[in-house]
Amino acid sequence: MCGIIGYTGGRPAATLLIDGLKRLEYRGYDSSGIAVLDGEKLTTVKTVGKIAELDKKANGGKDVIGTVGIGHTRWATHGVPSDINSHPHVSANGRFAVVHNGIIENYAELKSELIAKGIPFASDTDSEVIAQLVQYLYDGDMLTTLREVCARLVGSYAVGLISTDDCGTLYATRKDNPLVVGLGRNENFIASDFAAALEHTHDFVQLGDGEIARLTPSSVTFYSSNGVRIEKTPFRVDWDISQAEKGGYPHFMLKEIYEQPKALTDTVRPRVKGSSIVLDKIALDTRNANLIEKIDIIGCGSAYHAGIVGKYFIEKNCRIRVNCELASEYIYSNPITDSRTLTIIISQSGETADTLAALRLAKKLGSHTIAIVNVVESAIAREADDVLYTHAGPEIAVATTKGYTTQVAALYLVGLKIAKLKHTLSDARYAELLDGILALPQQVRAQLDDVAGIKKYAKRFAQHKCVFFIGRGTDYAASLEGALKLKEISYIHAEAYAAGELKHGTISLIEEGTVTLALATQRALFYKMLSNIKAVQSRKGTVLAVASAANSEVSEFTDGMLVIPDCDDDLSPVLSAVVLQLFAYYVAAERGCDIDKPRNLAKSVTVE
Ligand code: AGP
């Protein structure tokens, strides 16, 4: 996913931009570049490859003079990674430089139109069409021009722009792609996310879709899509930059695994007042809880897996039908939903294109939407009817860990709240579950203090080509996330199966040495799981159980066991997740994989 940084102030822009891009490296990219204005002189340096290449080409910024500029890390969508396809793109007349995140869906049509009008193009990208369109439509007023340009664009964009006609000024606009404005002291910033500017300011404004920001060193003015000046409320991001750095861990992923006790505490604790659950400003009361006929939970990847855990929890404890849908399927399924359906949208980044599209569709069809999101003021957070933030802090590793477990915890809170409102649980059971949720952080803490067993098995199984994850009930839901974690960072083929499904085909794949991780935390299903484990073993498969100490008898039937703390069966997916995150991490470490930036993956998929 691309990254944007922009600066206008009194300091040399080039080094600030390059440093800002370094803080965006985690987002994944294949090229980068900066453009800086010194009076009317526009200097652009851009290159395929890592930011270290850019730094070298710009001689550490020394060769690029000026105090206003834009920078970009590119994740190619149109046009191969190359110097010329890197951003910033400069208009043919050399007066406008643009950086862009997103996809311009009608770029080909616009490009032919502009070429026919005599404007030459240099690159194969969709993004360049923005720079050339600015040149073509520019009438001396950049605000009018930008509005006209945006009116011609179909697709998603976050754009930073500088112009030789408007020295010292930086423009920004966006649609369906995140862009924040950082408010400094006699200097201001734009960035695709806080990390790029957090070293210089903690005060930000989220730019809304269609809005335009005009930044000078001493002022920032905002305009609505119809050109009216608007006031925006700044908010404070209390993440310090060290949070966005590794803090001494070898990888962001391990740091974030170890941040889960705090992330879970920060997500749960502020919402429990005595024996009551207070879900911020979410409009859930007895009346509307009893009007809910079904719940749709929608997400992608791990967010979807969190939704499946939520499904099992809510159906069991609230006695409401819950559908868990992949966002990319939901948006084209002509979904059956209306005001009697509560839709819960799950997204760590709050910018996933498929999930955002699902949110918009659910709203359009009349469903009330609650977003469970980690990034403050992200598109999904702002567009949902209600939002319940997971206070996990910045999650940098592509493979989500604390983002997932805090999503599950948030779903537990929503489910327990609804159960209370609908009186579907006895007071005793309600209290038991609430205490269990509150106990999760210290149970995770205990898990993290003893990872020797996990490391041992990870080392033993690291060279296997295929690993199965099986479970029943909520263990099946947890096994889906375990399989995704392993495959996305170790590149081992991993598949999760409902344990009862093995006999319907999959077991044909079990042969001597095939590794199966069997999640056996559900007491009520324990003996069913045992028979599935024996079925695998009888075919000479190797079985590693994931179970609590209370079910430790399972170790008599397996080749090993990863123990989780005793907990309520309904809440075990959080603890299983921690074990399976660490298992995946240590397998990937053993295989020398690029753990924080796995091949082909981006942290947030902001294109469909
Ligand atoms: C999980 O490790 C992956 N990074 C991916 O599946 C992710 O969960 C998915 O893309 C959804 O992202 P979101 O939560 O930011 O919407």
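Right above here is the structure, for reference.
Because the structure is predicted, anything quoted here is derived from the model rather than measured. (Residues numbered from 1 in each chain as written. Predicted model: local features only at pLDDT ≥ 70, side-chain atom pairs only at ≥ 80, totals over all residues. Heavy atoms only, no water.)

Enquirer: Quick question: what am I supposed to make of the overall build of the chain here?
Expert: Broken down by element type, the chain carries 18 helices and 27 strands. At 25 Å, the chain has a C-alpha radius of gyration in line with the 25 Å of a compact globule built from 608 residues. Referenced to the eigenvectors of the C-alpha coordinate spread, the extents of the chain come out at roughly 75 × 55 × 45 Å. Here the chain holds 608 residues, and 62% of them are scored as buried. Within the chain, contacts between residues separated by at least 24 positions form 72% of all contacts whose residues are at least 6 apart in sequence. A total accessible area of about 22300 Å² is found for the chain, and carbon and sulfur atoms account for 51% of it. Here the chain contributes 65 positive and 72 negative side-chain charges, whose respective centroids are spaced 3 Å apart. (Helix = DSSP H or I, 4+ residues; strand = E, 2+ residues; numbered from the N terminus. Rg over C-alpha atoms; globule rule 2.2 N^0.38 Å. Buried < 20%, exposed > 50% of the residue type's maximum accessible area, 1.4 Å probe, protein only. Contact = heavy atoms within 4.5 Å. Areas by Shrake-Rupley, 256 points an atom, 1.4 Å probe, with all protein chains shown as cover. Lys, Arg positive; Asp, Glu negative; His and termini not counted. Charge placed at Lys NZ, Arg CZ, Asp CG, Glu CD.)

Enquirer: Just to check I follow, could you spell out the nonpolar core for this structure?
Expert: One broad trend across soluble globular proteins is that nonpolar side chains are buried collectively. Judged by nonpolar contacts, the single largest core of 100 residues is most densely connected at Ile295, Leu582 and Phe583. With 13 residues, helix α18 (residues 572-590) is the largest single contributor of residues to this core. Not counting the four nearest positions on each side in its chain, Ile295 is found in contact with Ile314, Ile320, Arg321, Val322, Asn323, Leu342, Ile344 and Ile418. By size, the runner-up hydrophobic cluster in this structure holds 29 residues, among which are Ile5, Ile51, Leu54 and Phe194. (Core = buried A, V, L, I, M, F, W, Y, C linked by side-chain atoms within 4.5 Å.)

Enquirer: I'm lost on the pattern of salt bridges in this one. Help?
Expert: Two side chains that carry opposite charge are able to pair once their charged atoms sit near each other. Inspection of the entire model under this criterion finds 35 salt bridges. In this structure, Glu211 engages Lys232 in a salt bridge whose closest nitrogen and oxygen atoms are separated by 2.7 Å. Of this pair, Glu211 sits in the loop between β11 (203-206) and β12 (212-215) while Lys232 is found in the loop between β14 (229-230) and β15 (235-236), placing the two residues 21 residues apart along the sequence. Here Glu211 falls in the buried class, since its relative accessible area comes to 14%. Under the relative-accessibility criterion, Lys232 is labelled partly exposed at 23%. Its salt-bridge partner being Arg445, residue Asp449 comes within 3.6 Å of it at the nearest N-O pair. Note on Arg445: relative accessible area 34%, which makes it partly exposed. (Salt bridge = Lys/Arg side-chain N within 4 Å of Asp/Glu carboxyl O.)

Enquirer: Just to check I follow, could you spell out the site of the ligand for this structure?
Expert: The environment of the ligand is formed by 14 residues, the closest being Ser347, Gln348, Ser349, Thr352 and Glu488. One of the backbone N or O atoms of Thr400 is found 2.9 Å from an oxygen atom in the ligand. Within the side chain of Glu488, a nitrogen or oxygen atom sits 2.4 Å from an oxygen atom of the ligand. The protein chains hide 91% of the 410 Å² of surface that the ligand would expose on its own. A majority-of-atoms criterion places the ligand in the largest pocket. Breaking the shell around the ligand down by element, the ones donating at least two residues are α9 (301-318) and α16 (474-490). A breakdown of the residues in the shell around the ligand according to their chemical character gives 5 nonpolar, 7 polar and 2 charged. (Near = heavy atom within 4 Å. Polar contact = N/O pair within 3.5 Å; in protein donor to acceptor, adjacent residues only side chain to side chain. 1 Å grid on protein atoms, 1.4 Å probe; cavity = no way out; pocket = protein on both sides within 12 Å on 5 of 7 lines; lining within 4 Å. Sits in = over half its atoms within 2 Å of the grid points. Nonpolar A, V, L, I, M, F, W, Y, C, P; charged D, E, K, R; others polar.)

Enquirer: Any chance you could explain the environment of Glu351 here in plain terms?
Expert: Its place among the elements puts Glu351 in the loop between β20 (341-347) and α11 (353-364). Under the relative-accessibility criterion, Glu351 is labelled buried at 6%. For the pair formed by Glu351 and Thr606, sequence separation is 255 residues and the distance between their alpha carbons is 5.9 Å. Here Glu351 is in contact with Pro178, Ser378, Ala379, Ile380, Ser604, Val605 and Thr606, once residues within four sequence places are set aside.

Enquirer: What is the right way to read the sheet that holds strand β26 (residues 542-548) from this model?
Expert: Two pairing modes exist for strands in a sheet, parallel and antiparallel, and in both the strands are linked by backbone hydrogen bonds. The parallel open sheet is built from 5 strands, whose spatial order is β24-β23-β25-β26-β27. Both edges of this open sheet fall to β24 (493-498) and β27 (560-564), since each of them pairs with a single strand only. Across the sheet, the mean angle separating the axes of adjacent strands is 20° when strand polarity is ignored. Relative to strand β25 (residues 515-519), strand β23 (residues 466-471) is paired through 4 bridges, and the arrangement is parallel. The residue bridging Phe469 from the neighbouring strand is Leu517, located in β25. Contacts from helix α17 (residues 526-537) reach β23, β25 and β26 within the one sheet, and its direction differs from that of β25 by about 175°. (Pairing = 2+ DSSP bridges. Axes fitted to C-alpha atoms, helices over the stretch in contact; angles between N-to-C directions.)

Enquirer: Looking at this structure, how should I read the sheet that holds strand β10 (residues 188-191)?
Expert: Here we have 8 strands laid out as an open sheet, ordered β3-β2-β4-β1-β10-β9-β11-β15, and antiparallel in their pairing. Of all the strands in the sheet, the pair left with one neighbour each is β3 (41-48) and β15. Strand direction decides the pairing type here: β11 and β15, joined by 2 bridges, are antiparallel. What sits directly across from Asp203, in β15, is Arg236.

Enquirer: I'm lost on the layout of surface pockets in this one. Help?
Expert: Over the atoms a probe the size of a water molecule is rolled, and this reveals where empty space is left. Computed from the structure, the largest pocket encloses a volume of approximately 630 Å³. Taken together, 33 residues line the largest pocket, and the ones lying closest to its centre are Thr352, Ala602, Lys603, Ser604 and Val605. Where the lining of the largest pocket is concerned, the elements lending two or more residues are β6 (96-104), α9, β20, α11 and α16. With 3 residues, the top contributor of residues to the lining of the largest pocket is α9. Across the lining of the largest pocket, the residue classes tally to 12 nonpolar, 16 polar and 5 charged. Residue lining of the second largest pocket: 19 residues in total, with Asp238, Trp239, His391, Ala392 and Gly393 positioned closest to the centre. Those elements that place two or more of their residues in the lining of the second largest pocket are β15 and α7 (260-268). (Points joined across faces, edges and corners; volume = space filled by probe spheres on them.)

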